[in-house]
Amino acid sequence: MPDLSNYNTLRSVLERNGFNLKKSLGQNFLIDPTVCPQMADEACADADGIIEIGPGAGVLTTELAKRAKKVVAIEIDTKLKPVLKETLNEFDNVEVVFNDVMKIDLNELIKEKFSGMKVAVCANLPYYITSPIIMTLLEQQLGIESITVMVQKEAAERLCAEMGTRDCGAVTAAVRFYCNPKLLFHVPSESFLPPPKVDSAVIKLDIAEAKQPDDVTSAEFFRVVKAAFSMRRKTLANCLSSGLSISKEAVYDLLDKCDISRTARGEQLTMEQFISLAKAYNKE
Ligand code: SAM
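Residues numbered from 1 in each chain as written. Predicted model: local features only at pLDDT ≥ 70, side-chain atom pairs only at ≥ 80, totals over all residues. Heavy atoms only, no water.

For strand S5 (residues 119–124), the tally of buried residues reaches 6 of 6 residues, placing the bulk of the element in the interior. Both faces of S5 are covered, namely the face carrying Val119, Val121 and Ala123 and the face carrying Ala120, Cys122 and Asn124. With 4 bridges joining them, S5 and strand S6 (residues 146–152) adopt parallel strand pairing. Counted as the bridge partner of Ala123 is Val149 from S6. Handedness of the crossover joining S5 and S6 through helix H6 (residues 130–139) is recorded here as right-handed. (Buried < 20%, exposed > 50% of the residue type's maximum accessible area, 1.4 Å probe, protein only. Helix = DSSP H or I, 4+ residues; strand = E, 2+ residues; numbered from the N terminus. Pairing = 2+ DSSP bridges. Right-handed = clockwise from strand over helix to strand, strands pointing away.)

This is how it looks when you write it as structure tokens:
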């Protein structure tokens, strides 16, 4: 089996198959032998069925295939067909689906390919659509155990931030609604071909372990969260008034009911405060 985390091996596999890397698809391939085994260990500790997004040349896919019962890898770039045919040819537990992860019906895919199995997602994500992919995976309520992904370092810090801290944003609250996030380790830009301009980090979103709030729906919660973070450097009261299209007086009323300061900012709120705000707003 070729060692795809070796720079020269990867280059020759790509060249042999006439493949040129595309910046527009976030094609920075991993060439660090330590990263994929660790990511695969994390994902496969939770599940026997793995969905990988963007296998590229297959460096992570091969590590997943060694550990999981079944791997389904979703890749948008059909030009990678001959590359993956070569690099994955010795595994009979891997299937590559050529499609856009944002367009495919993941619930159907899980039903069809992983019947009776626990499923987890593992990926070195294309950075141009990190948040949309993570939100799609969470919002579709796929019944998966966990999501172990490499993302841009700044995105990792935001996704795993504690509520009530400066790094926190709408996506932080969204992640906390569905799962327990954990930043696992950092990865320098030299670990990729070509090296991106930014450093990266691997995070794990534990869905199975998290308890979702049962007294507020995700739609009710997100309406308030999106409004709360709709304008940078504005107070929560201003954001809610404009984002929810209600008067400042009505917003003050809501904040008072929830024991939240009228001068607070969105990033200062705890998860419990967002939930009580969402409940109070939706009762009105
Ligand atoms: N897993 C490989 C690795 O670690 O070397 C490649 C990771 S590379 C950062 C991201 C991969 O995602 C590329 O193979 C790219 O073609 C693929 N990709 C980009 N957008 C995608 C999409 N919307 N759906 C599925 N795959 C996508």
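Here strand S2 (residues 49–53) lies mainly inside the structure; 5 of its 5 residues are buried. Burial along S2 is two-sided: Gly49, Ile51 and Ile53 and Ile50 and Glu52, pointing in opposite directions, are all buried. As paired strands, S2 and strand S3 (residues 70–75) are joined by 5 bridges and run parallel to one another. Its bridge partner lying in S3, Ile51 is registered against Val72. With helix H3 (residues 59–67) bridging S2 and its parallel neighbour S3, the resulting β-α-β unit is right-handed. Pairing of S2 with S5 involves 4 bridges; the strand directions are parallel. When the sheet's bridge partners are listed, Gly49 is paired in S5 with Val119.

So, on to the site of the ligand. Close to the ligand lie 23 residues; Leu30, Gly54, Glu75, Asn124 and Tyr128 are nearest. Within the contact set of the ligand, an oxygen atom lies 2.9 Å away from a side-chain nitrogen or oxygen of Gln27. With respect to the ligand, the backbone of Gly54 contributes an N or O atom lying 2.8 Å from a nitrogen atom. Considering the ligand on its own, with 590 Å² of exposed area, one finds that the protein chains cover 99% of that surface. Those elements giving two or more residues to the shell around the ligand turn out to be strand S1 (29–30) and S3. Split into classes, the residues belonging to the shell around the ligand amount to 13 nonpolar, 7 polar and 3 charged. (Near = heavy atom within 4 Å. Polar contact = N/O pair within 3.5 Å; in protein donor to acceptor, adjacent residues only side chain to side chain. Areas by Shrake-Rupley, 256 points an atom, 1.4 Å probe, with all protein chains shown as cover. Nonpolar A, V, L, I, M, F, W, Y, C, P; charged D, E, K, R; others polar.)

Among the 10 residues in H6, 7 count as buried, and that is most of the element. All of the buried residues along H6 are Thr130, Ile133, Ile134, Met135, Thr136, Leu137 and Leu138. Downstream of H6 by a residue or two, Gln141 has a phi angle that is positive, lying close to 50°.

Relative to the assigned elements, Leu84 resides in helix H4 (residues 81–87). Distance in space between the C-alpha atoms of Leu84 and Lys153 is 28 Å, their sequence separation being 69 residues. Discounting residues that sit within four places of it in the chain, Leu84 has contacts with Pro55, Gly56, Ala57, Gly58, Asn89, Val96 and Phe98. (Contact = heavy atoms within 4.5 Å.)

Turning our eyes to something else, we now look at the packing of helix H8 (residues 170–178) against helix H9 (residues 218–228). For the pair H8 and H9, the least separation of the axes is 10 Å and the interaxial angle reads 160°. Taken as axis vectors, H8 and H9 run roughly antiparallel relative to one another. As for how H8 packs across H9, the hand of that crossing is right-handed. In contact with Ala170, Ala173, Ala174, Phe177 and Tyr178 of H8, H9 contributes Ser218, Phe221, Phe222 and Val225. By residue class, the composition of the contact of H8 with H9 is 8 nonpolar, 1 polar and no charged. (Axes fitted to C-alpha atoms, helices over the stretch in contact; angles between N-to-C directions. Parallel < 35°, antiparallel > 145°, perpendicular 65-115°, else oblique. Left-handed = near helix turned anticlockwise from the far one by under 90°.)

Further remarks concern the domain arrangement of the protein. Under the domain assignment used here, the protein contains domain 1 (7–206) and domain 2 (218–283). Computed from C-alpha coordinates alone, the two centres of domain 1 and domain 2 are separated by 34 Å. The partner domain 2 presents 11 residues to the 12 residues of domain 1 that form the contact. Interface of domain 1 and domain 2: buried area, both sides summed, is about 960 Å²; carbon and sulfur atoms make up 75% of it. Three residues stand out in domain 1 for area buried against domain 2, namely Met163, Ala170 and Phe177, and they jointly supply 44% of the buried area on that side. (Domains from an automatic or database assignment. Buried area = accessible area lost by both parts, 1.4 Å probe.)

Now for the sheet that holds strand S9 (residues 200–206). Spatially, the 7 strands line up as an open sheet ordered S4-S3-S2-S5-S6-S9-S7, and their pairing is mixed. The sheet is open, and its two edges are formed by strand S4 (94–98) and strand S7 (180–187), each paired on a single side. Across the sheet, the axes of successive neighbouring strands diverge by a mean angle of 20°, strand direction being ignored. Here 7 bridges tie S7 to S9, and the two strands are oriented antiparallel to one another. Paired with Asn180 across the two strands is Asp206, which belongs to S9. Together, S2, S3, S4 and S5 form the strand contacts of helix H5 (residues 106–113), whose direction differs from that of S3 by roughly 150°.

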